[in-house]
Amino acid sequence: MKNGVVIVGAGHAGVQAAASLREEGYDGPVVLIGDETELPYHKPPLSKTFIKDAEAKPQPLRGEAFYSANAIDYRPGLRIDRIDIGARKLDVFGGGTIPFDRLVLATGSRPRLLKLDGVELAGVVSLRSLADARLIRELSAQSEDVVILGGGFIGLEIAATLRAAGRKVTVVEAVDRLLGRAVAPVIAAHVRQRLEAIGVRILTGTTVSRLEGEAGRVSAAITSNGERLPAQLVIIGIGVVPNVELAEAAGLATANGIRVDQHMQSSIPEILAIGDAASYRHWFTGADVRLESVQNATDQARLAARTILGHAEPFSAVPWFWSDIGDMKLQMVGLTQGGDSHVVLGEPAENKFSIYHYAGNRLLGIESVNRPADHMLGRKMLGAGFSPSPQTVAGGPDALKAALAAFQNMEPAKVGA
Ligand SMILES: Cc1cc2nc3c(=O)[nH]c(=O)nc-3n(C[C@H](O)[C@H](O)[C@H](O)COP(=O)(O)OP(=O)(O)OC[C@H]3O[C@@H](n4cnc5c(N)ncnc54)[C@H](O)[C@@H]3O)c2cc1C
């Protein structure tokens, strides 16, 4: 492969794909292209810590020396405009081409836009990149009142972070509960109650009908109930859309993401897609999904590298996710949609509990609040293909460890967690 592997997108997925190619022994050229100018960085801290701490530095995914030490040709600040499939080359915005033998699309996703009067005012932002986070940090330092549109993970993380930094924060969520359908209602209600306890105002079943400004800067959000919420900073966090335009224009199949098979190959097998941009039929539920998590991005990247090297294993990673909202570490493992019953371990009143979701007798997944050991054990159980009965779950962590050990013919102590 003379031109080697070219990776478009230098986020969590793209950087891991480059690293995994080398770890797996690939010795051809690896070109990693990103349109941001920074050294690739961790995104999760942006909403949790970075925006409230003027001194916080970005956390690089890999140190600067990693790229040269591994002969990864990292090219920051380049935007790919077009894939020329016939000629196997990429057109760079502003001129130039980059040839490839195999192409990995790791283009991620971008914040969903909102059509709203006043959305173009200064002080109306969303959070995806380090540049966005720097802007929010700067603007929030000058703002007393912050309005967040959207009660999903990122909106609520930002709400807790900015509240802890002393801002008056209001979250406006269109549906009648927080966190959409991402978590069980009991977790959503728990998160709401704890955020309200620290002074975050939460309006559910409410939308913002327009934004008002003074001298080009936002000054207030007007709700669907006609309430005027003062705001010097408005953050829109209503979800993301996958960056599929490059793939679509090149004729690759897309459906809520670039369609890939269980080896991360798109409808043109020399082109792979991974991370937030890729959609696929999930082995665990049989449903079509597009997951937005660091785990999904990195596990798919590892598999894409192995596919390129000729290994033909199907994707079988157990999905997991975390979110830190104030004093709550939320951790999810498995995919819980379609559950019909659940078992609770621990005490919501103590801010430490886990919910084990079942479809019939099959454990679909576990959602934990401040019970990291439950989460880790859950990853082991689902990874081993072990579905404990609801009765065993009700017996608590020791009963679960013993049952997993018996399933794996191991000593309970070796199960760990
Ligand atoms: C604020 C925030 C907090 C988060 N917190 C969590 C968390 O707690 N836990 C968790 O699991 N996940 C979290 N996530 C989600 C997680 O960061 C994403 O799922 C992950 O970044 C996906 O990786 P990716 O490589 O697919 O996309 P990205 O990391 O978005 O990287 C894609 C890169 O490709 C670039 N790109 C796109 N198109 C082009 C082009 N044409 N040419 C060149 N470059 C291009 C983009 O600019 C970007 O740099 C968070 C995300 C954000 C924004």
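Definitions and cut-offs
- Residues numbered from 1 in each chain as written.
- Predicted model: local features only at pLDDT ≥ 70, side-chain atom pairs only at ≥ 80, totals over all residues.
- UniProt positions renumbered as here; feature names shortened; annotations may be inferred.
- Near = placed C-beta within 6 Å.
- Helix = DSSP H or I, 4+ residues; strand = E, 2+ residues; numbered from the N terminus.
- Nonpolar A, V, L, I, M, F, W, Y, C, P; charged D, E, K, R; others polar.
- Domains from an automatic or database assignment.
- Contact = placed C-beta atoms within 7 Å.
- Pairing = 2+ DSSP bridges.
- Axes fitted to C-alpha atoms, helices over the stretch in contact; angles between N-to-C directions.
- Expected span 1.5 Å × (residues − 1).
- Buried ≥ 20, exposed ≤ 12 C-beta atoms within 10 Å, placed from the backbone.
- Arc of directions from axis to C-beta.
- Core = buried A, V, L, I, M, F, W, Y, C linked by C-beta atoms within 7 Å.

If you look the chain up in an unreviewed UniProt entry, it shows as Pyridine nucleotide-disulfide oxidoreductase from Rhizobium loti. UniProt lists a comment for the chain under the heading Cofactor (unreviewed entry), and it reads "FAD".

> Any chance you could break down the site of the ligand for me, citing the residues and the numbers?
Close to the ligand lie 36 residues; Gly 9, Gly 11, Ala 13, Gly 108 and Gly 275 are nearest. Elements represented by at least two residues in the shell around the ligand include exactly helix H1 (12-23), helix H2 (44-48), helix H8 (294-308) and strand S22 (320-325). Of the residues contributing to the shell around the ligand, the split by class is 16 nonpolar, 13 polar and seven charged. Residues from two domains meet in the shell around the ligand; each of domain 1 (5-110 + 241-308) and domain 2 (113-238) gives at least three.

> Give a detailed account of the environment of Gly 108, specifying residues and quantitative values.
Take Gly 108: it is sitting in the loop between strand S7 (102-105) and strand S8 (109-111). With 97 residues separating them along the chain, Gly 108 and Gly 205 place their C-alpha atoms 30 Å apart. Not counting residues up to four positions away in its chain, the partners in contact with Gly 108 are Gly 9, Gly 11, Asn 243, Gly 275, Asp 276 and Ala 277.

> Can you tell me about the sheet that holds strand S13 (residues 208-214), naming the residues and giving the values?
Taken in spatial order, the three strands line up as S13-S14-S15 in an open sheet, and their pairing is antiparallel. Only two strands of the sheet have a single partner each, and these edge strands are S13 and strand S15 (228-230). Direction aside, neighbouring strands of the sheet carry axes that sit 30 degrees apart on average. Pairing analysis gives three bridges linking strand S14 (residues 217-223) to S15, with the strands arranged antiparallel. Across the sheet, Ala 220 pairs through a bridge with Pro 230, a residue of S15.

> Residues and numbers for the UniProt feature "domain: Reductase C-terminal" (unreviewed entry) in the chain, please.
The UniProt record annotates "domain: Reductase C-terminal" (unreviewed entry) at residues 320-403. Summarising residues 320-403: 29% helix, 43% strand, and an end-to-end C-alpha distance of 22 Å.

> Explain helix H11 (residues 397-408) to me, using residue names and the numbers behind them.
When the terminal C-alpha atoms of H11 are compared, their 16 Å separation across twelve residues agrees well with the 16 Å that a helix rising 1.5 Å per residue should span. Among the residues of H11, Leu 400, Lys 401 and Leu 404 are the ones counted as buried. Buried residues in H11, looked at end-on, bunch into an arc of 100 degrees, giving them a common side. Among the exposed residues of H11, those pointing more than 90 degrees away from its buried face are Asp 398 and Ala 406. Backbone geometry just after H11 places Asn 409 at a positive phi near 55 degrees.

> Requested: an account of the environment of Asn 225, with residues and values cited.
Secondary-structure assignment places Asn 225 in the loop between S14 and S15. Measuring from C-alpha to C-alpha, the distance between Asn 225 and His 42 comes to 38 Å, with 183 residues separating the pair along the chain.

> Quick rundown of the sheet that holds strand S19 (residues 271-273)? Include the residues and the values.
If you walk across this open sheet you meet the five strands as S3-S2-S1-S7-S19, and the pairing is parallel. Every interior strand has two partners, whereas the edge strands, strand S3 (72-75) and S19, have only one. Averaged over all adjacent pairs, the angle separating strand axes in this sheet is 15 degrees, with direction ignored. Two strands pair when backbone bridges link them, and strand S1 (residues 5-8) and S7 are joined in this way by four bridges, in the parallel orientation. Residue pairing for S7: Ile 7 is matched across the bridge by Val 104.

> Describe in detail the nonpolar core, supporting the description with residues and values.
Counting 113 residues, the largest nonpolar core has Ile 7, Ala 17, Leu 105, Val 234 and Ile 274 as the members making the most contacts within it. Top contributing element to this core by residue count: helix H5 (residues 153-164), with seven residues. The contact partners of Leu 105, leaving out residues within four places of it in the chain, are Val 8, Gly 9, Leu 246, Ala 247, Ile 258, Ile 271, Ala 273 and Ala 277.

> Account for the domain arrangement of the chain, naming residues and giving values.
If you check the domain split of the chain, you get domain 1 (5-110 + 241-308), domain 2 (113-238) and domain 3 (327-415). The centre of domain 1, based on its C-alpha atoms, is set 30 Å off from the matching centre of domain 2. Across the boundary between the two partners, domain 1 contributes twelve residues, which contact 16 residues of domain 2. Among the elements that line the side of domain 1 that touches domain 2, the one with the most residues is H2, at three residues. Of the residues contributing to the side of domain 1 that touches domain 2, the split by class is six nonpolar, one polar and five charged.

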